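Spelled out from the first residue to the last, the chains are:
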Amino acid sequence: MKKTPIKAKNELNSSLFVSFLTQSGVFCNFFTRSTGCAKISRMNKYKANGIKRLKLLCLYFVILFVLTACDYAYKPNDLDQIVIEISPIDVKQQSVQNSDIANLNFKPFKNGSLVNFKNSHNIFKIHLKPQTHEPQTLLILPHYFDDVYYFNDNFKLIDRITKNAYKENRSYSSNLLAFDVSKESFYIVIFNKSKRKVLFSVENSLKVKSYDQKLSFTFVAVYTAILTLFVINVIFFYFLRKINYLYYALYLFFSLFALLFQEGFIAYFPTLSQPVLGIYTQAFWLKLPTVFFLLFIFNFLELKKHSKFDYKLMQTLFVVDILMLVLAVFLHLSGLNSISNYYSLVINLYSLIGIVILFYISIKYTSLKVPMAKYLLFGWLAYYGTLVIRVFYALDVEPLAFWMPRAFEFGLLINALALSFGLADQTLNLIKEKDLDRQKIALKERALFCNELVKSFQVRTNKTIGKYYGNQKLLDRIINKSFVSSIMQLIDVKDVFYIYEYNTKLGFQKISRNKIGFNITHYVEDNKVLLNTVCDRNKAVLNVTNLRDFGELPFIIIPISDHKYDNLCLFLTIPTYEIINPEIIDDLNQFANDMTIALIEARKFKQTTDAARFDGLTHLLNRKSITEKLNEIINLAQINANTVTFAFIDIDDFKNINDVHGHDVGDDCLVFLSEQMRKQFNENCYTGRFGGDEFIVLINNLPQKEVENKFKKLFKFLNNNKIKGIELRISIGIATATPENNLFDVKKLMKAADVSLYESKQKGKNQLTFSKWSNQAKIL
């Protein structure tokens, strides 16, 4: 690598950069507003892909249900096998079981004829011609009568089906109005409020149940699809904050609820099936979705922007809808049930007017080529088509298509899918526009963002150094981890390391904790030309390299400028799935160099802190620092009910060593002992020099046996190793503060340890003595 001004080697020994973006709420908020320098395009691509997948899902649902609906024609048996008689019965529902049928005047009834239920209720006497001995089921069309009773030939009640009423162990779903029949003659009593054609058919039970399961599966799938679209729209509203998604989600939800209520499926949910508004409940639920649909149309077509007349017209519809709902509540509270039929008539007429107006709006705005109008027109055409089928079924019972009364569900689903397409396209356009706006803003904010990040690094690094000064390994690990997390706010990375050249020698320093899976030396040898070019141009680059025994791996190489090293580059390995934005590379280039300058200042602060807190000879904590650390540990131990062990270590006959061998050898003995103390007491331990030949060890929340083992290892090492021919011997006094004793005080704890040290000296030196735990010295 050729020479260029780079950074000094000693600036890399402890730690390199630290970023505290993830810990700082201010900068997290700033980052959210300036994601153009990092992930805006990528995030919006994810949103766009999600919306495209939603459209494909909607298309799949359309194809699936169109195909399956075509297969739902039910072929009944010969209807001539049933003989039916009819007679009006003027009784209340509560007393129908006690009716006297002997005096009723039954007349022949043509199957499928119109029956007037408005003025009186009707009882049907049904006789089956001899057929097979297989189980049989009576089907009654249409399936949405208010109340139906099934009596045997002795007029004993066998079964009863009430619309929207929960019933356990029901043999058939709400798709069918059916009873299992066991005799050739029986009675059917039907209660209803209006004229209806009535059709009876007796079928094989297994055939009916199989068809019922098939039909139930289909409509459960339809309801599930509608509910899925509701959830998707709610999710999109939560993330995109577009009110259209919320309006449309509420429209789908209440439409689904209204369908479940009208078709009787709500009976499976006893709590929800309660008629909260009495006789007006169904009308209320059927009208409520329209309110949210009109709110949706206002924003979806931007009516106020295109036509004031249309906007006022839709506003009028909206106000009338609200009044209809309020009127339903008022009529229920006033007990005016006698005018419910007139209310229903007004609702139906008003709904017809609303349909015409919405159809007019759809056609007009489609012809004006308003982008979203085509989706509205397609959805309403499907909706009106199924509505026609529904009306046809209400006027003329079709025995071959049990799904026809449920055609409205298909219409709602197709309408929902079409308008979901429209919402998706509208959102994609908004995303593109916002993406451009955000990128323009991001260009101005990126520089400010990186500057604030560097400032945050300086402040938080100084705090970290001040907090973790007693544990150098932990300090370095925290700083390196914070640096990597900062980089990952801009781009996903796998490995972070530095390669440097000094006096023609290459070296590297790893920042991330992941194990690097390739040979860095091989990489440098294979890419010397590239690295020289990067350093010459002083600009970060993206490079994809085929590594020996590793395969393809993308790098971002960032040159760091300084006057003390020949060359220095920061390397980031990138996952293959990561989409690299050119702006990110530019930001990383400036970011890395600015953070290097900030790191130099941080290291100067660390050197000043070390001089104030560490002993110059042994590099252990000095007397003031170790005392402060003792205070801190004792306070935490009192809160958490932990133990704190304090030990005084004194070198035996140290004055004699100085007198005989000189003070230089004495200093060597102090350094020798301090190095072994650092090795032995590293986890949850702190070591310091109290003064002269006296040292301190603090051990946080460690059992006595483990404490004793640590000191035994220190004694064993000193007994087996000499320093410049001198056998170094030490005496130790130990005291432990526990929740049971009264030593959670610095002075008391130090006094107890000092007394134990004195006992060790008195008993012959080269030993340790435990205070409180044991009064007997342990000779080691």
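Rules and cut-offs
Residues numbered from 1 in each chain as written. Predicted model: local features only at pLDDT ≥ 70, side-chain atom pairs only at ≥ 80, totals over all residues. Heavy atoms only, no water. Helix = DSSP H or I, 4+ residues; strand = E, 2+ residues; numbered from the N terminus. Buried < 20%, exposed > 50% of the residue type's maximum accessible area, 1.4 Å probe, protein only. Contact = heavy atoms within 4.5 Å. Areas by Shrake-Rupley, 256 points an atom, 1.4 Å probe, with all protein chains shown as cover. Patch = residues over 30% accessible without salt bridge, like charges linked within 9 Å, V, L, I, M, F, W, Y side chains within 5 Å. Salt bridge = Lys/Arg side-chain N within 4 Å of Asp/Glu carboxyl O. Pairing = 2+ DSSP bridges. Axes fitted to C-alpha atoms, helices over the stretch in contact; angles between N-to-C directions. Phe/Tyr/Trp six-rings, centres within 6.5 Å; stacked < 30°, edge-to-face > 60°. Right-handed = clockwise from strand over helix to strand, strands pointing away. Parallel < 35°, antiparallel > 145°, perpendicular 65-115°, else oblique. Left-handed = near helix turned anticlockwise from the far one by under 90°. Expected span 1.5 Å × (residues − 1). Polar contact = N/O pair within 3.5 Å; in protein donor to acceptor, adjacent residues only side chain to side chain. Core = buried A, V, L, I, M, F, W, Y, C linked by side-chain atoms within 4.5 Å.

### Some details on the overall build of the chain
1) Next: Helix and strand counts for the chain stand at 19 helices and 22 strands.
2) Next: A buried classification covers 51% of the 780 residues belonging to the chain.
3) Next: Partitioning the contacts of the chain with sequence separation of at least 6, the portion at a separation of at least 24 is 74%.
4) Next: Counting only carbon and sulfur atoms, one obtains 56% of the accessible surface of the chain, whose full area is about 38,300 Å².

### What to know about a nonpolar patch on the surface
1) Next: A grouping of Leu-227, Val-231, Ile-235, Tyr-238, Phe-239 and Phe-253 is seen on the molecular surface, where their side chains present a nonpolar patch of about 580 Å² in accessible area.
2) Next: Considering every element that reaches the nonpolar patch, the biggest residue donor is helix H3 (residues 205-240), with five residues.
3) Next: Here Val-231 shows up in helix H3.

### Focus: the sheet that holds strand S5 (residues 136-141)
1) Next: Strand order in the open sheet formed by three strands is S8-S5-S11, with antiparallel pairing between adjacent strands. This sheet does not close on itself; its edge strands, each paired only once, are strand S8 (177-181) and strand S11 (199-204). Along the sheet, successive strands turn relative to each other by an average axial angle of 25°, direction set aside.
2) Next: Strand direction decides the pairing type here: S5 and S11, joined by six bridges, are antiparallel. Within S11, the position partnered with Gln-136 by the bridge is Asn-204.

### Examining the packing of aromatic side chains
1) Next: Applying the stated rule across the entire model yields 27 aromatic pairs.
2) Next: Consider the rings of Tyr-150 and Phe-186, whose centres lie 5.6 Å apart with planes at 80°: the pair is edge-to-face. With Tyr-150 in strand S6 (residues 147-152) and Phe-186 in strand S9 (residues 185-191), the pair connects residues that are 36 residues apart, well separated along the chain. In this pair, the class of Tyr-150 matches that of Phe-186, namely buried.
3) Next: Each ring, one from Tyr-248 and one from Tyr-251, has its centre 5.6 Å from the other, and the planes form 40°; the classification is tilted. Residue Tyr-248 and its partner Tyr-251 are located together in helix H4 (residues 243-263), separated by three residues, close to a single helical turn.

### As for the pairing of strand S20 (residues 730-737)
In summary, the side chains of a regular strand alternate between the two faces of the sheet.
1) Next: Among the eight residues of S20, eight are classified as buried, and the element is accordingly described as predominantly covered.
2) Next: A two-sided burial pattern is seen for S20, the buried positions comprising Ile-730, Ile-732, Ile-734 and Thr-736 on one face and Ser-731, Gly-733, Ala-735 and Ala-737 on the other.
3) Next: The pairing of strand S17 (residues 644-651) with S20 spans eight bridges and is classified as antiparallel. Note that in S20 the partner of Thr-645 across the bridge is Thr-736.
4) Next: Examined bridge by bridge, S20 and strand S21 (residues 767-771) share four bridges and lie parallel to one another. Paired with Ile-734 across the bridge in S21 is Phe-770.
5) Next: Between the parallel pair S20 and S21, the chain is carried across by helix H19 (residues 746-762), and the sense of this crossover is left-handed.

### Re the pattern of salt bridges
1) Next: Summed over all chains, the structure comprises 17 salt bridges.
2) Next: Salt-bridge contacts for Lys-183 lead to Asp-153; the nearest nitrogen and oxygen are separated by 3.7 Å. Here Asp-153 lies in the loop between S6 and strand S7 (157-162) and Lys-183 lies in the loop between S8 and S9, a separation of 30 residues in the sequence.
3) Next: What emerges from the salt-bridge pattern is a single network uniting Asp-650, Asp-652 and Lys-761.

### A look at the packing of helix H15 (residues 623-640) against H19
1) Next: Two numbers describe how H15 lies on H19: the axes approach to 10 Å, and their chain directions differ by 110°. On the basis of the axis angle, H15 is roughly perpendicular to H19. Here H15 runs over H19; the crossing is right-handed. Here Thr-627, Leu-630, Asn-631 and Ile-634 of H15 come into contact with H19, specifically with Val-746, Leu-749 and Met-750.

### Quick notes on helix H7 (residues 308-334)
1) Next: Between the first and last C-alpha of H7 there are 38 Å, a value that for 27 residues agrees with the 39 Å anticipated at 1.5 Å per step.
2) Next: The inward-facing, buried residues of H7 abut helix H5 (281-300), helix H6 (303-306) and helix H8 (340-367).
3) Next: Taking the backbone nitrogen of Phe-309 as reference, a side-chain oxygen 3.5 Å away marks Ser-307 as the first, capping residue of H7.

### Quick notes on the sheet that holds strand S2 (residues 107-108)
1) Next: What the six strands build is an open sheet, ordered S2-S1-S4-S9-S6-S7; its pairing is antiparallel. This sheet does not close on itself; its edge strands, each paired only once, are S2 and S7.
2) Next: In the sheet, S6 pairs with S9 via six bridges, with the strands oriented antiparallel. Bridge assignment links Val-148 to a residue of S9, and that residue is Ile-190.

### Regarding the environment of Asn-721
1) Next: Residue placement: Asn-721 occurs in the loop between helix H18 (704-720) and S20.
2) Next: Given a relative accessible area of 29%, Asn-721 falls into the partly exposed group.

### Considerations on the pairing of strand S13 (residues 505-510)
1) Next: Here six bridges tie strand S12 (residues 495-502) to S13, and the two strands are oriented antiparallel to one another. Note that in S13 the partner of Tyr-498 across the bridge is Gln-509.
2) Next: From the end of S12 to the start of S13, which pair antiparallel, there are two residues, and Asn-503 there has a positive phi angle of about 55°.

### Observations concerning the environment of Lys-481
1) Next: Structurally, the position occupied by Lys-481 is in helix H11 (residues 472-490).
2) Next: The exposed category is assigned to Lys-481, whose relative accessible area is 61%.
3) Next: For the pair Lys-481 and Ile-511, spaced 30 residues apart in sequence, the C-alpha to C-alpha distance is 7.6 Å.

### Structural notes on the side chain of Asn-233
1) Next: Here Asn-233 is to be found in helix H3.
2) Next: Classification of Asn-233 by relative accessible area gives buried; the value is 3%.
3) Next: Engagement of the side chain of Asn-233 in a polar contact is seen with the backbone oxygen of Leu-229, the distance being 2.6 Å.
4) Next: For Asn-233, the contacting residues outside a window of four places in its chain are Tyr-245, Tyr-248, Ala-249, Leu-252, Ser-420 and Leu-423.

### Examining the nonpolar core
1) Next: Ranked by internal contacts, the top residues of the largest apolar core, which has 71 residues, are Phe-293, Phe-296, Leu-301 and Met-314.
2) Next: When contributions to this core are tallied by element, the ones reaching two or more residues are H3, H4, H5, H7, H8, helix H9 (373-395) and helix H10 (407-467).
3) Next: Once residues lying within four places of it in the same chain are set aside, the contact partners of Met-314 are Leu-294, Ile-297, Phe-298, Leu-303, Ile-357, Leu-358 and Ile-361.
4) Next: Cys-450, Val-493, Leu-570 and Ile-584 belong to the second-largest nonpolar core, a separate cluster that totals 32 residues.

### A look at unusual backbone geometry
Backbone phi values are negative for most residues with the exception of glycine, while trans is the configuration of most peptide bonds.
1) Next: Phi at Phe-155 takes a positive value of approximately 60°, unusual for a residue other than glycine.
2) Next: When you line up the elements, Phe-155 lands in the loop between S6 and S7.
3) Next: For Phe-155, a relative accessible area of 10% corresponds to the buried category.
4) Next: The phi dihedral of Lys-369 falls on the positive side, at around 60°, and the residue is not glycine.
5) Next: Position of Lys-369 relative to the elements: it lies in the loop between H8 and H9.

### Section: H5
1) Next: In this model H5 runs 30 Å from its N-terminal to its C-terminal C-alpha over 20 residues, within 8% of the 28 Å that 1.5 Å per residue would give.
2) Next: Counting buried positions along H5 yields 16 of 20 residues, so the element is predominantly enclosed.
3) Next: Of the residues flanking the end of H5, it is Glu-302, one or two places downstream, whose phi is positive at about 50°.

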